[in-house]
Amino acid sequence: MESVLKGVRGGESVLDLSPRSTVGGGVEDIYGEDCATEDQLITPWTFSVASGCSLLRDPQYNKGLAFTEQERDAHYLRGLLPPTVSSQELQEKKLMNSIRQYEVPLQKYVAMMDLQERNERLFYKLLIDNVEELLPVVYTPTVGEACQKYGSIFRRPQGLYISLKEKGKILEVLKNWPERSVQVIVVTDGERILGLGDLGTQGMGIPVGKLALYTALGGVRPSSCLPVTIDVGTNNEKLLNDEFYIGLKQKRATGKEYYDLLHEFMSAVKQNYGEKVLVQFEDFANHNAFELLAKYGTTHLVFNDDIQGTASVVLAGVVAALKLIGGTLPDHKFLFLGAGEAGTGIAELIALEISKQTKEPIEESRKRIYLVDSKGLIVSSRKNSLQHFKKPWAHDHEPVATLLEAVKIIKPTVLVGTSGVGKTFTKEVIEAMTLNNKIPLILALSNPTSQSECTAEEAYTWSEGRAIFASGSPFDPVEYKGKVYYSGQSNNAYIFPGFGLGIIISGAIRVHDDMLLAASESLAKQVTDEHYAKGLTYPSLTDIRKISANIAANVAAKAYELGLATRLPRPENLVKYAESCMYSPLYRNYR
């Protein structure tokens, strides 16, 4: 990706550390909570010591019925709680029983969000201990429906809403956020939420969900996470006419007005939180996503999960799948359906890894990868009409109108779907892939489930059980001709939490492509023979915290190697250091 973005920046590289990046600011752990061990007593400071009703209403410190007798006396809680003292484990058991009673996923989502707003540590304990069950609830696919209905289910604001009304005073708005030690910001403008399109301000569900995973899966402290929605309007007529819509009721601002607002935001972020705050761009439309990554990649610590995180997790799955489909990465031919942020980002990282392995120029590596967009195969005769991020993929080839024709002519060994359009991997397409390959690798990555290019059942049935299949959203195991097939989930949650933790523990000040490759390499190495026996190309999500610690260590090591790390001296054992820095959701004892 860096090779493409450098062209947009006029040759400037991430490693150049542009002098334009020098801005004052920064934060520190004033109260020493980060340094406290698990068994040390801490003081529940807010603006004063929290007690009584204010303590029960503070999600960061509230423990509900788990307050001990001594704590109830010390913090004026007598009479405000029933006499029973419960353990956190009992609370967890009770809540999981309650959540499992709901049959509608959106009801489970609302229940989890209510818990997060009421008792933060219990929320994360539930999510960590039941990750495979609750991940689809707090993130894809349920979060997509939640965003569509966000205005109706909106109760208590989470994160910061920065609209065109705040132009000229964004720094003041950031100072309204109560937490000073912010390390990760996930920001969206709501224009391209999952495969659902423009949801405007209702896209806030995505930054909130992503940051919940940063904490649960990557161990980043919740108090250091800030969700942000930039509201520049929406072009969604349904929302503009919805009396319950919570955003600006106007058409989207574009051009100078849009980029001036984003620039003010990026400048204010660095001024308020310092050089080492990670800004993750999320669900921006293609044209803005690439522009923002190119513009701020050399001056800020920025990361786009749709472009870079997706690329890293898919590359890891492909590398792991080589044990099942055979050959080395350069031996394979790739065909993508979809040439937006995700498709071009994945393609570029695969090309980068091939180039690294073969020592050939990346331009040569790209020739093994073909992309199909809504107008057909991307070829050189279309170059003048292509967006800049598609141009590197315009190969010398005759025009091909459809995906099926492309599969038959190009004969790819790996088929990747990032189109955001469901049911596009038809029976004929899968059969053509199976005809060309003994073991085809099919990756249907679009979210939510309704937008997946094909289902697991379709992939296994149409390939007569020969395909290795992974998807963006989870699918249940499939039984075909007496055999049970398990599909992998190419979920960004495998990468971005550990990636963010690696950046934080190393004090990295820029994101470089080699750090993404380091994350992919670490994830691929954690797929075991037990997983391969089931046809899986990703490890189990139940081990996600261990996976994240290893990814963080690999990313941090690469940051030190590239000279982008500032936390010195370098820890001797980065894996152990990463684990020691991870947030624990266990209740703390109050003095």
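Residues numbered from 1 in each chain as written. Predicted model: local features only at pLDDT ≥ 70, side-chain atom pairs only at ≥ 80, totals over all residues. Heavy atoms only, no water.

(A) Just the overall build of the protein chain, in detail. Looking only at helices and strands, the protein chain has 25 helices and 14 strands in total. Against the 2.2 N^0.38 benchmark of 25 Å for 591 residues, the protein chain shows a C-alpha radius of gyration of 24 Å, consistent with a compact globule. Expressed as lengths along the three principal axes of its C-alpha atoms, the size of the protein chain is roughly 75 × 60 × 60 Å. Per-residue burial over the protein chain gives 60% buried out of 591 residues. (Helix = DSSP H or I, 4+ residues; strand = E, 2+ residues; numbered from the N terminus. Rg over C-alpha atoms; globule rule 2.2 N^0.38 Å. Buried < 20%, exposed > 50% of the residue type's maximum accessible area, 1.4 Å probe, protein only.)

(B) Representation of the UniProt feature "binding site: (S)-malate" (unreviewed entry) in the protein chain. When the UniProt feature table is mapped onto this chain, "binding site: (S)-malate" (unreviewed entry) is found at Arg-192, Asn-447 and Asn-491. Relative to the helices and strands, Arg-192 resides in the loop between strand E2 (184–188) and helix H11 (205–218). In this view, Arg-192 contacts Gly-197, Asp-283, Phe-284, Ala-285, Asn-286, Asp-306 and Glu-341; residues no more than four positions away in its chain are not counted. Checked against the element boundaries, Asn-447 lands in the loop between strand E10 (441–444) and helix H20 (456–462). Relative accessible area serves as the criterion here: at 19%, Asn-447 is assigned to the buried category. Sequence-distant contacts of Asn-447, defined by excluding residues within four places in its chain, comprise Thr-140, Leu-194, Gly-195, Gly-472 and Ser-473. A polar contact of 2.5 Å, which involves the side chain of Asn-447, links it to the side chain of Ser-473. (UniProt positions renumbered as here; feature names shortened; annotations may be inferred. Contact = heavy atoms within 4.5 Å. Polar contact = N/O pair within 3.5 Å; in protein donor to acceptor, adjacent residues only side chain to side chain.)

(C) Spotlight on the UniProt feature "domain: Malic enzyme NAD-binding" (unreviewed entry) in the protein chain. Those residues carrying the UniProt feature "domain: Malic enzyme NAD-binding" (unreviewed entry) are residues 307–560 in this numbering. End C-alpha atoms of residues 307–560 are separated by 24 Å, and the span's content is 44% helix alongside 12% strand.

(D) Focus on the sheet that holds strand E11 (residues 468–471). Taken in spatial order, the 7 strands line up as E8-E7-E6-E9-E10-E11-E14 in an open sheet, and their pairing is mixed. Where the open sheet ends on each side, the last strands, each with one partner, are strand E8 (376–377) and strand E14 (488–489). Where strand E7 (residues 369–373) and E8 come together, 2 bridges link them in antiparallel fashion. Within the sheet, the bridge partner assigned to Val-372 lies in E8 and is Leu-377. (Pairing = 2+ DSSP bridges.)

(E) A look at the packing of aromatic side chains. This structure, assessed with the given rule, holds 14 aromatic pairs. Relative to Phe-284, the ring of Phe-281 lies with its centre 5.7 Å away and its plane at 85 degrees, an arrangement referred to as edge-to-face. Judged by its relative accessible area of 0%, Phe-281 falls in the buried class. Taken together, the aromatic side chains of Tyr-460, Phe-469, Phe-475, Tyr-480 and Tyr-485 make up a single cluster linked through ring pairs. Here the guanidinium or amino end of Lys-63 rests over the ring plane of Tyr-590, the centre of that ring lying 4.7 Å away. (Phe/Tyr/Trp six-rings, centres within 6.5 Å; stacked < 30°, edge-to-face > 60°. Lys NZ or Arg CZ within 6 Å of the ring centre and 35° of its normal.)

(F) Spotlight on the pattern of salt bridges. Inspection of every chain in the model, using the stated rule, returns 27 salt bridges. As a salt-bridge pair, Asp-73 and Arg-78 come within 2.8 Å of each other at their nearest N and O atoms. For Asp-73, a relative accessible area of 48% gives the class partly exposed. Here Arg-78 falls in the partly exposed class, since its relative accessible area comes to 47%. A salt bridge links Arg-366 to Glu-348; the nearest nitrogen and oxygen atoms lie 3.0 Å apart. (Salt bridge = Lys/Arg side-chain N within 4 Å of Asp/Glu carboxyl O.)

(G) Examining the nonpolar core more closely. If you look at the biggest cluster of nonpolar residues, it comprises 118 residues, and the most contacted ones within it are Tyr-214 and Phe-499. In terms of nonpolar packing, the next biggest core, distinct from the first, is built from 38 residues, Leu-164, Trp-177, Val-232 and Ala-294 among them. (Core = buried A, V, L, I, M, F, W, Y, C linked by side-chain atoms within 4.5 Å.)

(H) Summary view of the sheet that holds strand E1 (residues 160–163). One open sheet accounts for 5 strands, arranged E1-E3-E2-E4-E5; its pairing is parallel. Pairing within the sheet leaves two strands with one partner each, and these edge strands are E1 and strand E5 (302–304). Between one strand axis and the next, the sheet turns by 25 degrees as a mean value, whatever way the strands run. Where E2 lies against strand E4 (residues 278–281), 4 bridges are found, and the strand directions are parallel. (Axes fitted to C-alpha atoms, helices over the stretch in contact; angles between N-to-C directions.)

(I) Spatial organisation of unusual backbone geometry. The omega torsion across Thr-140 and Pro-141 is 5 degrees, close enough to zero to call that bond cis. Mapped onto the secondary structure, Pro-141 falls in the loop between helix H7 (131–138) and helix H8 (142–148). Omega for the peptide link from Leu-568 to Pro-569 comes to 0 degrees, which places this bond in the cis form. For Pro-569, the position within the fold is in the loop between helix H24 (544–562) and helix H25 (574–581). In this structure, Tyr-76 is a non-glycine residue whose phi angle is positive, near 55 degrees. With respect to the helices and strands, Tyr-76 occurs in the loop between helix H3 (69–74) and helix H4 (88–101). The phi dihedral of Asp-283 falls on the positive side, at around 60 degrees, and the residue is not glycine.

(J) Molecular detail of the packing of helix H16 (residues 341–358) against helix H22 (residues 513–525). Between H16 and H22, the shortest axis-to-axis distance is 11 Å and the interhelical angle comes to 85 degrees. Comparing the axis directions of H16 and H22 gives the class roughly perpendicular. Listed contacts from H22 to Leu-349, Leu-352, Glu-353 and Lys-356 of H16 are Asp-513, Leu-516, Leu-517, Ser-520 and Glu-521. Of the residues belonging to the contact of H16 with H22, the class tally is 4 nonpolar, 1 polar and 4 charged. (Parallel < 35°, antiparallel > 145°, perpendicular 65-115°, else oblique. Nonpolar A, V, L, I, M, F, W, Y, C, P; charged D, E, K, R; others polar.)

(K) Focus on the side chain of Lys-390. Along the chain, Lys-390 turns up in the loop between E8 and helix H18 (403–410). Setting aside residues no more than four positions away along its own chain, Lys-390 makes contact with Ala-339, Asp-373 and Ile-378.

(L) Summary view of the environment of His-395. You can see His-395 is positioned in the loop between E8 and H18. What makes His-395 buried here is its relative accessible area of 10%.

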